[in-house]
Amino acid sequence: NAESRPGLDLLALALAGKRAVSANTFEKVIKMIDNMVQVLKKEQQDDDQKQEYCTIQLDAVEDKKKELERTLADAETAIADKKEKIATTTDEIAALEAGIKALDKAVAE
């Protein structure tokens, strides 16, 4: 009974296939595998080049970011200094205006 002995069916199929498969078929398969290996090597080289390019670009972008952050920090410091000078000048103007009013009042008396 073939159902109770699946191994024999597989063996019979393998033997029949062995006769049907020629050396030329294996050569075709090996050639296809070799071609696939070549394609994969080329794709790996392309990937390596793209990774190198991306790494260089990321480094350049990080450098630019750091430069912009320093420029921003410098601008914020300059703005804070200018605001402090404006506050000082405003206080000086207010003191001068008070002095002028006091002088006007003294002159008017």
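Our subject is the structure that appears above.
Figured I'd write up the structure that's included with this text. (Residues numbered from 1 in each chain as written. Predicted model: local features only at pLDDT ≥ 70, side-chain atom pairs only at ≥ 80, totals over all residues. Heavy atoms only, no water.)

## Structural notes on the overall build of the protein chain
Consideration 1: Counting its secondary structure elements, the protein chain contains two helices and zero strands.
Consideration 2: Out of the 109 residues in the protein chain, the part that is buried amounts to 0%.
Consideration 3: Per element, the accessible surface of the protein chain, about 10200 Å² overall, is 62% carbon and sulfur. (Helix = DSSP H or I, 4+ residues; strand = E, 2+ residues; numbered from the N terminus. Buried < 20%, exposed > 50% of the residue type's maximum accessible area, 1.4 Å probe, protein only. Areas by Shrake-Rupley, 256 points an atom, 1.4 Å probe, with all protein chains shown as cover.)

## Brief notes about the pattern of salt bridges
Consideration 1: One pass over the structure, following the stated rule, counts two salt bridges.
Consideration 2: We note a salt bridge from K42 to D46, for which the minimum N-O separation is 3.0 Å. Here K42 and its partner D46 are both found in helix α2 (residues 23-108), four residues apart, which amounts to about one turn of the helix.
Consideration 3: On the accessibility criterion, D46 (26% relative accessible area) is partly exposed.
Consideration 4: Of the charged contacts, one joins E69 and K65 as a salt bridge, the two residues approaching to 4.0 Å between their closest N and O atoms. Placement of the pair is E69 and K65 together in helix α2, with a separation of four residues, close to one helical turn. (Salt bridge = Lys/Arg side-chain N within 4 Å of Asp/Glu carboxyl O.)

## Looking at a negative patch on the surface
Consideration 1: Where like charges cluster on the molecular surface, the negative patch consists of E43, D47, D48 and E52.
Consideration 2: With respect to the secondary-structure elements, D47 resides in helix α2. (Patch = residues over 30% accessible without salt bridge, like charges linked within 9 Å, V, L, I, M, F, W, Y side chains within 5 Å. Lys, Arg positive; Asp, Glu negative; His and termini not counted. Charge placed at Lys NZ, Arg CZ, Asp CG, Glu CD.)

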